[in-house]
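Residue strings, one per chain:
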Amino acid sequence: MSPTDAATTPAASTTDLRTRATEILRELTGRADADFRDGQFDAIEALVSDRKRVLVVQRTGWGKSAVYFVAARLIREGFGGSAGPTLIISPLLALMRDQVAAAERAGVHAATINSANVTEWDDVLTALREGRLDVLLISPER
């Protein structure tokens, strides 16, 4: 069954979604035993299957980025239909660099727009327009 078929098969969609989401999480973390924390998969399911807006407020290190990256990859794979890129507002430039690296580990195409990469903005915006980005991290002042 393809991801698109899974997204349109009501009886199997939650099971298939969770299975694929867990696979992506394990790629992201590099741990074969990784599993979601309380609330993480619920947020992913709301974003992907229910197409809801979701506000995730948790302490640093809880795994908010995992929610964004797993959901973005699932959407790109056709679960829940198609959509544009995920936009993440992040105030910490050093964290943005780490998040782009983590996204790539999960097979998610990510880029940033912030005050430290002004010379890259045109390339990032071109990639965004051409649909080559799953996630755009942007600093609040931008």
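For the structure, check the block above.
Residues numbered from 1 in each chain as written. Predicted model: local features only at pLDDT ≥ 70, side-chain atom pairs only at ≥ 80, totals over all residues. Heavy atoms only, no water.

1. Thoughts on the overall build of the protein chain
Right, on to step 1. Counting its secondary structure elements, the protein chain contains six helices and three strands.
Right, on to step 2. From first element to last, N terminus to C terminus, the protein chain shows the α and β order α-α-α-α-β-α-β-α-β.
Right, on to step 3. Going through the 142 residues of the protein chain one by one, you find that 39% of them count as buried.
Right, on to step 4. Long-range contacts, defined as pairs at least 24 residues apart, comprise 64% of the intrachain contacts of the protein chain with a sequence gap of at least 6.
Right, on to step 5. Accessible surface, the protein chain as shown: approximately 8100 Å² in total, 52% of it carbon and sulfur. (Helix = DSSP H or I, 4+ residues; strand = E, 2+ residues; numbered from the N terminus. Buried < 20%, exposed > 50% of the residue type's maximum accessible area, 1.4 Å probe, protein only. Contact = heavy atoms within 4.5 Å. Areas by Shrake-Rupley, 256 points an atom, 1.4 Å probe, with all protein chains shown as cover.)

2. Examining the packing of aromatic side chains
Right, on to step 1. Counted by the stated rule, this structure contains one aromatic pair.
Right, on to step 2. With a centroid separation of 5.9 Å and an interplanar angle of 45 degrees, the aromatic rings of F36 and F41 are classed as tilted. The burial state of F36 is the same as that of F41; both residues are buried. (Phe/Tyr/Trp six-rings, centres within 6.5 Å; stacked < 30°, edge-to-face > 60°.)

3. Some words on the nonpolar core
In a soluble, globular protein the nonpolar side chains are often hidden away together inside.
Right, on to step 1. If you look at the biggest cluster of nonpolar residues, it comprises 32 residues, and the most contacted ones within it are I44, V48, F69, V70, L74 and V135.
Right, on to step 2. Contributing elements (two or more residues each) for this core: helix 2 (10-29), helix 3 (40-48), helix 4 (64-76), helix 5 (93-105) and strand 3 (135-138).
Right, on to step 3. At eight residues, helix 4 tops the list of elements feeding residues into this core.
Right, on to step 4. Counting residues in each nonpolar core, the second largest holds seven residues, with A111, I113, V124 and L136 among its members. (Core = buried A, V, L, I, M, F, W, Y, C linked by side-chain atoms within 4.5 Å.)

4. Description of the pattern of salt bridges
Right, on to step 1. Inspection of every chain in the model, using the stated rule, returns nine salt bridges.
Right, on to step 2. A salt bridge links D35 to R18; the shortest N-O distance between them is 3.7 Å. Pair noted here: D35 is in the loop between helix 2 and helix 3 and R18 is in helix 2, with a separation of 17 residues, a long-range link.
Right, on to step 3. Across the pair R73 and E77 runs a salt bridge whose closest N-O atoms are separated by 2.9 Å. Like E77, R73 is buried. (Salt bridge = Lys/Arg side-chain N within 4 Å of Asp/Glu carboxyl O.)

5. So, the packing of helix 3 against helix 4
Right, on to step 1. Between helix 3 and helix 4, the shortest axis-to-axis distance is 9 Å and the interhelical angle comes to 35 degrees. Crossing angle aside, the handedness with which helix 3 passes helix 4 is right-handed. Side by side, helix 3 and helix 4 meet where Q40, A43, I44, L47 and V48 of the first sit next to A66, V67, V70, A71, L74 and I75 of the second.
Right, on to step 2. Of the residues in the contact of helix 3 with helix 4, the class split is ten nonpolar, one polar and no charged. (Axes fitted to C-alpha atoms, helices over the stretch in contact; angles between N-to-C directions. Left-handed = near helix turned anticlockwise from the far one by under 90°. Nonpolar A, V, L, I, M, F, W, Y, C, P; charged D, E, K, R; others polar.)

Honestly, it's all geometry; don't read function into it.
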